[in-house]
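Report on the structure
This is what each chain is made of:
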Amino acid sequence: MNNQYQIFTDQELLEILTLSPNATAVYTSEQLIIQLANHAMLNIWGRDKNVIGIPLIEALPELEGQPFIDILKNVWNTGITYQNVNTPANLMIDGNLKTFYYDFIYRAVKNDSGKVKCILHTATDVTERNLNHQTLAQARNTFDALETEQALNEELMAANEELNSINEEMLNMQQSLMDLNNELEQRVADRVRDLAESEKQLEEILNQMPAPVVVLRGSNQVIELTNQSILSFWNKTKEEVIGKPMLTVFPELRSQPFPGQWKQVLETGNAIANRETPVIFNKEDIGPKRFFVDYYYQPLTDYSGKRTAVLATVIDVTDKVESRKKLEESESKLLDMNDELSTLNEEMAANNEELITINEDLSQTRESLLKTINKVAKSEARFRFLVQQAPVAICILNGRELIVESVNDMMLDIFGKSTDIIGKTYAEALPEFEDQPYLKLLDETFITGKPYFGNEAKTVFEHNGELKTGYYDFIFQPIQDEQDITTTIMVVAVDVTEKLLSRTQLQRTEEMLRFSVEAANVGTWHLNHKTREFFVSAQLKKLFGYETEADLSYEQAVSHIPESHRYEVIRAIGSNNSSDSSYNIEFPILAAGEENLRWVKALGKFDLESDGSFNHFSGVVMDITEQKEDELRKNDFIGMVSHELKTPLTSLNGYTQILLQKAQKSEDRFNISALEKVTSQIKKMTSMINGFLNISRLESGKIHLQKERFFFDKLIEELVEETQLTTPTHQITIVKSAHVEIFADRDKIGSVISNLLSNAVKYSPQAKDIEVICEVKEKQVRFSVKDYGMGINPHDLEKLFDRFYRVEGNQTQHISGFGIGLYLSAEIIERHHGNIAVTSEIGKGSTFYFNLPLN
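Given the structure is predicted, the values throughout are model-derived calculations rather than measurements.

As for the nonpolar core
Within the largest apolar cluster, 35 residues are counted, with the highest numbers of intra-cluster contacts made by Phe-712, Ile-749, Ile-753, Phe-783 and Phe-850. Sorting the residues of this core by element identifies helix 23 (712-726), strand 23 (741-745), helix 24 (746-762), strand 24 (769-777), strand 25 (780-787), helix 26 (821-831), strand 26 (835-841) and strand 27 (845-853) as the ones contributing at least two each. Element by element, the count of residues in this core is highest for helix 24, at seven residues.

Following this line, the structure appears as structure tokens:
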């Protein structure tokens, strides 16, 4: 496959169909529900997109009493396609009932069983063409009226003695009429020739691909995708245009309005459509020439919704515009001649017979022209069908011999063949199909006239001498002539090999995951956030003390959690305002029929809707009782050792103070300095032992909050003043302090503030300024400490509040500590239903802050 061309998805092809300039609608069910109507069809109806999804008769009540509803119901019931031309229809436009004329087709689209699944409606507005015909008919009536006047003219000729004097003038007028007749015949012949050329161009487009389209990528309008129709219009090859800016290929467009419109579509996202717009193209074979085009510019977006390209549908209507102008000129000349004939009635008597002959010739010419237009209309209908049915890869097979008439690049890539297969039979082009069912299926499609659909069909193609197996969705679509006889089969295919293999691999992966979960003795669960439906595995029921066949609701599961931990679990699972889409929590449960607590660990994820709201929660639960008991024993041991160390440490501190006082009295400077250092180390050791004790109490559930009401700003001032007295190396400044009262444990919140201030001093040895801020934000009070020290690496930030975690580096290796201060601080703040966090930049400092709710 040539990677320089973009492959449209089914959704993008549907979008192109919706944006097609040809009027298209799809109806489903016998009630004729409007399933789809593109912009062109809505413009014909004079309606907007609100009609989608309602019956046609409700959307257009003015069709009551007209034949269209009955015809559609007949097509639905019989499955027989109906088409007609020059059909009048009365439609309510802007509050007024107006008459229009249309060429249209009601095509029944059937499923594999031959049952109609929808009706495809395509229509072309031919009102202008009919009005032109009516104008010509009026001219003919004028000529018929002139014949009636012949009798009067003969009587006047008998009575007019001056007839002989104006004979010469009559002969001159006769010659003028003959010249005009010749000119009209020549113009009619030119029109027929132009229509023949248009039909030939239409056949060429039909054999290649649908409507002329080009995709312009980015602000430079780089030509990313074209089809053969647009290349023919440009008189260019793909190699000359693909990958180049549009204005590089066609610099003459710079002074025309189109580049500004491409930019406008990209910037605003609004489509632009215009009809019969003049455009100057500098073609190599004819030089600069003015053309007339109908075009539609539509923005294309990527998966994130960003507008990245413009899809341009361009239809050359130059012949149509010029023909109409010629017809208008002819009508104008006919009107002028009618005025002249009115003033020379007496002189026209002798020429009436010749005028009648001319009128008969014109009638024959009009009949021939109508036949040609009908033939072109049928070709256009076939073209529209290909546009609407074509997915990605297409091959056209002609006759029952299945001669390859046309095949696009994507189908050649699937076949593994080149364009050399064009003109060969399908069997000759694909000899590997001899032992496969497709040749027989194609023959049955040709005989029955019914399409054949295949889904994920296993198919073998020969690529460069090697057999290659793939899986494909395909359709054999018969195309019939006016007598409903199949003449051509269109083959459309989509390669779904990768999708099928991915689905198979996914099924295997899911099965392996299920086996792994069961082997790991892990229980799984799923909770619908809206309906509160709770689905659990057999292993989870076993963890909670239930039989496999027993029901376990969400409320029953929560009831097995002790009250000391129940609120924390419900808050973690029930919150839909968390910015974190996953959770990890440990808690005890009392299983049914058991007396001892069992510890479990729950891991899960919140799944979000497209609008950002929570849809459901899912996760796993594992038994960690043994691990938790080990931790509790370890914590008890740490608590016991820490407690036993406090007594000798207290005695040591007392003796040190006594020795320090004696040294001060004797002014023994060496002993004073040494004992002060001993005192400092004793304080550090006391602080660490207290930290270990607090961790032990915290994790064993023995630490309790003694909440009271106090002024938060006063506590901050006390602690800043106390820290400043022992820290002469730094300047601690309260930048902002809101006067606010909170309900919390004053001592424990104070220990958090002291820890943050102490860390700010330790980790900014060179920077001397530390800033403290207390402010109220959204029913919360925030305390923050900012230093200008060494900063923290991004990979350390997420682990900074973990137990025993320390930042390792050249700058921190001489800073003492066990990594328990921030862990304790985070636990204290969390037990106050608040949160703690940090922002930092290497070399510029850090800001630690925590939020507490205002009760």
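From this point, the narrative continues.
Focus on the pairing of strand 15 (residues 486-495)
Along any regular strand the residues' side chains alternate between the sheet's two faces. The buried count for strand 15 comes to seven of ten residues, which makes it a mostly enclosed element. Both strand 11 (residues 393-398) and strand 15 contribute to a ladder of six bridges, which runs antiparallel. Bridging from a neighbouring strand, Asn-398 pairs with Thr-488 of strand 15. Bridge count between strand 14 (residues 466-480) and strand 15: nine bridges; the pairing is antiparallel. Each bridged residue has a counterpart across the sheet, and for Ile-479 the counterpart in strand 15 is Thr-488. Between the end of strand 14 and the start of strand 15, which pair antiparallel, lie five residues, with Asp-484 showing a positive phi angle near 60°.

Concerning the packing of aromatic side chains
Scanning the entire structure with this criterion turns up 27 aromatic pairs. Ring centres of Phe-233 and Phe-281 lie 5.4 Å apart, and the angle between their planes is 90°; this geometry places the pair in the edge-to-face category. Here Phe-233 is found in helix 8 (residues 228-234), whereas its partner Phe-281 is found in strand 8 (residues 272-283), with 48 residues between them in sequence. Judged by its relative accessible area of 6%, Phe-281 is buried. When the centroid spacing of 6.4 Å and the interplanar angle of 75° are considered together, the rings of Phe-712 and Phe-783 count as edge-to-face. Residue Phe-712 is located in helix 23, and its partner Phe-783 is located in strand 25; the two are separated by 71 residues in the primary sequence. The exposure class assigned to Phe-712 is buried, which follows from its relative accessible area of 0%. A relative accessible area of 0% means that Phe-783 is categorised as buried. Of the aromatic side chains, those joined through ring pairs into one cluster are Phe-415, Tyr-426, Phe-433, Tyr-438, Tyr-452, Phe-461, Tyr-472, Phe-474 and Phe-476. Seen from the ring of Phe-453, Lys-117 lies directly overhead, with NZ or CZ sitting 5.3 Å from the centre.

Observations regarding the sheet that holds strand 10 (residues 307-316)
For sheets, the rule is that strands pair by backbone hydrogen bonds, running either parallel or antiparallel. Across the sheet, five strands lie side by side as 7-6-10-9-8; this open sheet has antiparallel pairing. Edge positions in the sheet fall to strand 7 (222-226) and strand 8, since each has one partner strand and no second. With direction set aside, neighbouring strand axes in the sheet form an average angle of 35°. Relative to strand 10, strand 9 (residues 287-301) runs antiparallel, the two sharing nine bridges. Bridge pairing in strand 10 links Val-293 to Asp-316. Packing against the sheet, helix 11 (residues 258-268) makes contact with strand 6 (213-217), strand 8, strand 9 and strand 10, and its axis sits at approximately 135° to strand 10.

Observations concerning the environment of Pro-251
Within the secondary structure layout, Pro-251 lies in the loop between helix 10 (246-249) and helix 11. For the pair Pro-251 and Phe-281, spaced 30 residues apart in sequence, the C-alpha separation works out to 9.3 Å.

Quick word on the pairing of strand 8
One ladder, built from ten bridges, connects strand 8 with strand 9; its direction is antiparallel. Its bridge partner being in strand 9, Asn-274 is matched across the sheet by Tyr-295.

What to know about the packing of helix 24 against helix 26
At a minimum axis distance of 10 Å, the contact between helix 24 and helix 26 shows a crossing angle of 145°. Considering the relative orientation of helix 24 and helix 26, their crossing is left-handed. When helix 24 is examined against helix 26, the residues Lys-748, Ile-749, Ser-751, Val-752, Asn-755, Leu-756 and Asn-759 are found in contact with a partner set consisting of Gly-821, Leu-822, Ser-825, Ile-828 and Ile-829. Looking at side-chain class alone, the contact of helix 24 with helix 26 contains six nonpolar, five polar and one charged residues.

Some thoughts on helix 4 (residues 68-78)
Along helix 4, the positions that sit buried rather than exposed are Phe-68, Ile-69, Ile-71, Leu-72, Val-75 and Trp-76. Along the axis of helix 4, the buried positions cluster into a sector of 165°, meaning they face one direction only. Exposed residues lying more than 90 degrees from the buried face of helix 4 are Asp-70 and Asn-77. Where the residues of helix 4 are buried, they touch strand 1 (23-28), helix 3 (56-59), strand 3 (82-93), strand 4 (96-110) and strand 5 (116-125). Phi turns positive, to about 75°, at Gly-79, one or two residues after helix 4.

Some details on the side chain of Thr-87
Among the secondary structure elements, Thr-87 is positioned in strand 3. When residues no more than four places from it in sequence are discounted, the contact partners of Thr-87 are Phe-68, Phe-100, Tyr-101, Tyr-102 and Phe-104.

Describing unusual backbone geometry
With phi around 65°, Ser-29 is a residue other than glycine that occupies positive phi space. Among the structural elements, Ser-29 can be located in the loop between strand 1 and strand 2 (33-37). For Leu-32, which is not glycine, the phi dihedral falls at a positive 60°. In this structure, Leu-32 sits in the loop between strand 1 and strand 2.

Some points on the packing of helix 23 against helix 24
At their nearest, the axes of helix 23 and helix 24 sit 10 Å apart, and the two run at 45° to each other. With respect to each other, helix 23 and helix 24 are oriented oblique. Here the hand of the crossing between helix 23 and helix 24 comes out right-handed. Listed contacts from helix 24 to Phe-712, Leu-715, Ile-716, Glu-718, Leu-719, Val-720 and Thr-723 of helix 23 are Arg-746, Ile-749, Gly-750, Ile-753, Ser-754 and Leu-757. For the contact of helix 23 with helix 24, a count of residues per class yields eight nonpolar, three polar and two charged.

The rules behind these values
Residues numbered from 1 in each chain as written. Predicted model: local features only at pLDDT ≥ 70, side-chain atom pairs only at ≥ 80, totals over all residues. Heavy atoms only, no water. Core = buried A, V, L, I, M, F, W, Y, C linked by side-chain atoms within 4.5 Å. Buried < 20%, exposed > 50% of the residue type's maximum accessible area, 1.4 Å probe, protein only. Helix = DSSP H or I, 4+ residues; strand = E, 2+ residues; numbered from the N terminus. Pairing = 2+ DSSP bridges. Phe/Tyr/Trp six-rings, centres within 6.5 Å; stacked < 30°, edge-to-face > 60°. Lys NZ or Arg CZ within 6 Å of the ring centre and 35° of its normal. Axes fitted to C-alpha atoms, helices over the stretch in contact; angles between N-to-C directions. Contact = heavy atoms within 4.5 Å. Left-handed = near helix turned anticlockwise from the far one by under 90°. Nonpolar A, V, L, I, M, F, W, Y, C, P; charged D, E, K, R; others polar. Arc of directions from axis to C-beta. Parallel < 35°, antiparallel > 145°, perpendicular 65-115°, else oblique.

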